[in-house]
Amino acid sequence: MTKYIKGGAFLLCLFFSPALFGGEYDFDMSEIEKKPYSFDGSIELLSNIYGYDRDSALFRLKYPEKPEKYDYSADLRLNGGYEANGFRYVVKTSAKHTAQPDGDDNSEFTFMEQYAGFSSGNFSLTAGKMTMKWGKGYAFNPAAFLDRPKNIDSPEDAMEGYQLVAADYTRSFSGSLKTVSYTQTAYAVNDDMNQTLGTDNGLNHAGKLYLLLNDTDIDLMYSAGESRGRRFGMDFSKNILTNLEIHGEYAQYKDVRRQLINGYETTDTSNWLIGARYLTESDVTYIIEYFRKSGGYTQDEMDRFYQAAENAGNPDMLANSPYTRNNPMRSYVYLRASVKEPFDILYFTPALTMTANAEDGSFSLAPEAVWTGITNAEFKLKIYLLSGGDNTEFGEKVMDRRLEARFKYYF
């Protein structure tokens, strides 16, 4: 980790040295022209304090020994790029160090994205590790076939990409159909790359057709190949009013291998969502989404899992099963409300987020406060409160509360 911090510090010094050690000021038009290169980044300091539910099913599975009550981490992000004469190169990195009070430290360096591309007119070709950002949902994206699942606690966080080759072609028109764009990708799944994009090694391909039709954004997607069953999807987004947007997403998955307590089954499933974003005159933003997935576990299937967790003969297998992941069941409601500078309190944005399981009635409630009074800096304080009875999703989580304190500085 030390070498990454030193490397980042060196790059920062190199970046800011002209401003620190420059001579007399001379006006030069070339200085305001777009540079072929770019550099930016951030440093994030994060601390979590945990309140465990020691009677929950997942706690007994995941923590046979006493867990730590807090941890803290530092994440240095460095991003760079070069663009000239149709050529483009982008690299985004993360150097993260996480520590716990017992001295169990972990350092990790990751290339979040690293790709090169060439564009000429309406056509572009890109290869490398990248995020595709398919789908219109805010918290859920069932049709994002080539992206990692979002962190529902912080959906806007940057995600790690996959290794792909992508070709894009775009045309513009003057009628009701204003824009048509098609993206074709190819990717491999093997022991060295893209392992979570399929269960079998092999070559695969996916495509997306984008249409801007009557001021409505529409996408049609597919994914197929040797590593997993075929997938088909679509989404849309439209501004009904200047302050009201609606969006939806649908995806169908073929030959999904679904894990059960006593084995596996192969079936076809489908996921969909409908949502809206509304901005009031008093600067309150509401986001609401309803997410439904036919391949999620039913209440009866979850009851059998909780019973197995009570008498776990193989706790590691159950602890790492899909039953313990975020949103394992079938129906969810996501609601977020945030208000900008209430009561004229400058640089202050409070928000409240709720994620509810529509089948068992359990939910997570997360009030937060963000202050941006320092240039390029953000302070966030967020509390997660989980509520639910026995044999409910949020009632059986590892913890029933968590306090998160975050500081982030951009440069």
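Everything discussed here concerns the structure shown above.
Every chain begins its residue count from 1, and numbering advances along the sequence as written. This being a predicted model, a pLDDT of at least 70 is required before a residue's local features are given, and a value of 80 or more before pairs of side-chain atoms are given or counted; all residues contribute to the totals for chains, interfaces and linings. Neither water nor hydrogens contribute to the side-chain values; these are computed over all heavy atoms in the structure.

Draft legend 1. Structural context of the side chain of Asn-48. Where helices and strands are cited, they refer to DSSP runs of H or I of at least four residues and of E of at least two residues respectively, numbered from the N terminus. With respect to the helices, strands and loops of the structure, Asn-48 is situated in strand β1 (residues 37-52). In the analysis that follows, any N or O atom pair within 3.5 Å is treated as a polar contact, provided that within protein one partner can donate a hydrogen and the other can accept it, and provided that, for residues neighboring in sequence, both atoms belong to side chains. Separated by 2.7 Å, the side chains of Asn-48 and Arg-402 make a polar contact. By the convention used here, residues are in contact when the closest approach between their heavy atoms is within 4.5 Å. Excluding its chain neighbours within four sequence positions, the residues that come into contact with Asn-48 are Lys-69, Tyr-70, Asp-71, Arg-402, Leu-403 and Glu-404.

Draft legend 2. Local environment of the environment of Tyr-278. Along the chain, the position of Tyr-278 falls in strand β12 (residues 263-279). Burial status follows relative accessibility: with a 1.4 Å probe on protein chains alone, a residue under 20% of its type maximum counts as buried, one over 50% as exposed, and anything between as partly exposed. Using a relative accessible area of 35% as the deciding quantity, one classes Tyr-278 as partly exposed. Each C-alpha atom, one on Tyr-278 and one on Ala-337, is 9.5 Å from the other, the two residues being 59 residues apart in sequence. Apart from the residues within four sequence positions on either side, Tyr-278 is in contact with Asn-243, Leu-244, Val-284, Thr-285 and Tyr-286.

Draft legend 3. Focus on the packing of aromatic side chains. Classification of ring pairs rests on two measures: the distance between centres of Phe, Tyr or Trp rings, Trp counted by its six-membered ring, which must be within 6.5 Å, and the angle between planes, read as stacked under 30 degrees, edge-to-face over 60 and tilted in between. Counted under the stated rule, the structure contains 16 aromatic pairs. Relative to Phe-379, the ring of Trp-371 has its centre 5.7 Å away and its plane inclined at 40 degrees; by these criteria the two rings are tilted. A relative accessible area of 37% means that Trp-371 is categorised as partly exposed. For Phe-379, a relative accessible area of 33% puts it in the partly exposed group. Site record: aromatic cluster; members linked through ring pairs are Tyr-50, Tyr-52, Phe-59 and Tyr-63. The ring of Tyr-162 has Arg-148 sitting right over it, with the charged end atom 4.1 Å from the ring centre. When the NZ atom of lysine or the CZ atom of arginine is within 6 Å of a ring's centre and also within 35 degrees of its normal, the charge is said to sit over that ring. Cation over ring: Lys-397 sits above Phe-394, and NZ or CZ is 5.8 Å from the ring centre.

Honestly, it's all geometry; don't read function into it.
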